[in-house]
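# A structural walkthrough
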Amino acid sequence: MTSSRRTRALALAAALLLVLSACTAGFGHLKLRIAAGNSGGVYDTLAQTLATAWQAGLDIDRPQVLQTQGSPDNVDKVLAGQADVAFVAADVAADRYKKRPGLAALARIHDDYLHIVVRTDSDIRSVSQLAGHRIAIGSPASGVEYIADQLLAVAGLTRQVQTVAHGLDDSVKALLNGEVDAFFWSGGLPTPKLVGYNDKGSLRLLDIADLMPKMQALSQVYGTATIPATTYDQPLPVTTLVVPNFLVVPKTMPDDVAEALVRGLFDARSQLADANPAALSIDVHPGIETQPIPLHPGALRYYRAQKT
């Protein structure tokens with residue numbers, strides 16, 4: 001072999017090695033922080049499962065799952081650079097995006113249903129009858145508190161009720177102990193803790209069909225849904241509000257990272273559904289429905305590839 005041919009062969013081999021190295025390098029350098037929610041909640045359960053899936057699929061250190069107060073806290077952490085991925089209710093995301101359009105969406109995931117809960121023996125049969133009562137409205141800075149404030153306002157009850165900030169466990173205990181007369185909760189169907197607490201038929205849900213037109217006028221992301229009677233062993237089904245949940249990231253996230261995270265999300269659907277039944281609704285087709293939050297370009301690249 002001549003010297004020039006040998007040089008060209010070595011150069012070609014070096015170039016091929018660089019290409020192969022780039023293809024196999026993966027994302028080993030990537031460090032992720034996922035803003036989730038309260039320990040044991042749907043966000044936290046799904047985040048823990050997703051962290052394990054991303055660790056294996058992307059060949060990275062296991063992402064850190066941050067326990068937080070909920071959706072508002074999660075979005076604020078992403079915007080402040082304290083988290084890289086966040087679970088967030090669509091209404092909170094839309095509100096924050098209007099003020100600080102630094103977010104992009106990876107996917108629409110599961111939907112949450114608003115629960116307004118009273119004791120079975122309570123005389124309260126409608127939201128209007130909450131006037132003059134003490135109500136638990138979720139943890140401070142949570143998505144539950146956000147929806148509760150909105151609904152009480154459209155019902156004209158903001159100044160007619162006394163509110164306390166409790167998470168789900170404390171809310172149920174306070175209701176059953178007579179410390180509050182009702183509580184708000186927003187979660188997937190069924191919420192396991194509510195099923196467990198209602199094993200003696202001690203809880204009843206309120207129907208909010210009359211308030212839904214006003215709630216939907218507030219936000220384009222709110223939908224109307226039914227909680228079947230069989231979900232919590234209720235005497236009748238109730239009409240309530242449903243709000244989607246998104247996975248959001250900073251707009252500045254590299255496209256290849258965002259694409260890999262979305263791929264890992266959908267590859268892990270069976271594990272996520274095993275972790276919580278709410279994840280059964282995670283699918284590519286509704287996954288793109290993240291309006292008014294725009295899809296990240298990397299996520300959009302993934303979805304477009306699924307149509308080919």
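Just so it is clear, the model here is predicted, and its values are computed rather than measured.

Conventions we followed
- Residues numbered from 1 in each chain as written.
- Predicted model: local features only at pLDDT ≥ 70, side-chain atom pairs only at ≥ 80, totals over all residues.
- Heavy atoms only, no water.
- Helix = DSSP H or I, 4+ residues; strand = E, 2+ residues; numbered from the N terminus.
- Buried < 20%, exposed > 50% of the residue type's maximum accessible area, 1.4 Å probe, protein only.
- Contact = heavy atoms within 4.5 Å.
- Lys, Arg positive; Asp, Glu negative; His and termini not counted.
- Charge placed at Lys NZ, Arg CZ, Asp CG, Glu CD.
- 1 Å grid on protein atoms, 1.4 Å probe; cavity = no way out; pocket = protein on both sides within 12 Å on 5 of 7 lines; lining within 4 Å.
- Points joined across faces, edges and corners; volume = space filled by probe spheres on them.
- Nonpolar A, V, L, I, M, F, W, Y, C, P; charged D, E, K, R; others polar.
- Pairing = 2+ DSSP bridges.
- Phe/Tyr/Trp six-rings, centres within 6.5 Å; stacked < 30°, edge-to-face > 60°.
- Axes fitted to C-alpha atoms, helices over the stretch in contact; angles between N-to-C directions.
- Left-handed = near helix turned anticlockwise from the far one by under 90°.
- Salt bridge = Lys/Arg side-chain N within 4 Å of Asp/Glu carboxyl O.

Another aspect to go through is the overall build of the protein. Scanning the protein for helices and strands turns up 12 helices and 10 strands. Considering only C-alpha atoms, the protein reaches an extent of 95 × 40 × 35 Å along its principal axes. Counting all 308 residues of the protein, 52% fall into the buried class. Partitioning the intrachain contacts of the protein with sequence separation of at least 6 by distance along the chain shows that 76% fall at a separation of at least 24. Here the protein contributes 27 positively and 29 negatively charged side chains, and the mean placements of these two sets differ by 9 Å.

Approximately 580 Å³ is the volume attributed to the largest pocket. Around the largest pocket, the lining is made up of 34 residues, and of these Asn-38, Gly-41, Val-42, Trp-185 and Ser-186 lie nearest the centre. The biggest single contributor to the lining of the largest pocket is helix H2 (residues 42-58), with 4 residues. Looking at the lining of the largest pocket residue by residue, the class counts come to 9 nonpolar, 20 polar and 5 charged. In this structure, the second largest pocket occupies an estimated 150 Å³ of space. Every residue lining the second largest pocket is listed: Arg-125, Arg-204, Leu-205, Leu-206, Asp-207, Gln-234, Pro-235, Leu-236, Pro-237 and Val-238.

Below, the discussion takes up the pairing of strand S10 (residues 238-250). Of all 13 residues in S10, 12 are buried, a share of seventy percent or more. In the sheet, strand S4 (residues 103-119) pairs with S10 via 8 bridges, with the strands oriented antiparallel. Among the inter-strand pairings, Asp-111 is bridged to a residue of S10, identified as Pro-244. Across 5 bridges, the pairing between strand S9 (residues 223-227) and S10 is antiparallel. By the bridge assignment, Thr-224 is partnered in S10 with Leu-241.

With that out of the way, let us pick up the packing of aromatic side chains. This model, assessed by the stated rule, comprises 4 aromatic pairs. Judged by centre distance (5.5 Å) and plane angle (35°), the ring pair of Tyr-43 and Phe-87 falls under tilted. Residue Tyr-43 is located in helix H2, and its partner Phe-87 is located in strand S3 (residues 85-89); the two are separated by 44 residues in the primary sequence. Of the two residues, Tyr-43 and Phe-87, neither departs from the other in class, the shared state being buried. Of the aromatic side chains, those joined through ring pairs into one cluster are Phe-266, Tyr-302 and Tyr-303.

As a further point, take the packing of H2 against helix H9 (residues 255-267). The N-to-C vectors of H2 and H9 enclose an angle of 115°; their axes lie 9 Å apart at closest approach. Viewed along their axes, H2 and H9 form a crossing whose handedness is right-handed. For the pair H2 and H9, contact is made by Leu-50, Trp-54 and Leu-58 and by Ala-260, Leu-261, Gly-264 and Leu-265, respectively. The residue makeup of the contact of H2 with H9, split by class, is 6 nonpolar, 1 polar and no charged.

Summed over the entire model, instances satisfying the criterion amount to 14 salt bridges. Across the pair Asp-73 and Lys-77 runs a salt bridge, and its minimum N-O distance is 3.0 Å. A residue pair is termed a helical-turn pair when its members lie 3 or 4 positions apart in one helix, as Asp-73 and Lys-77 do in helix H3 (residues 71-79) at 4 residues. Per residue, the accessibility class of Asp-73 equals that of Lys-77, and both read buried.

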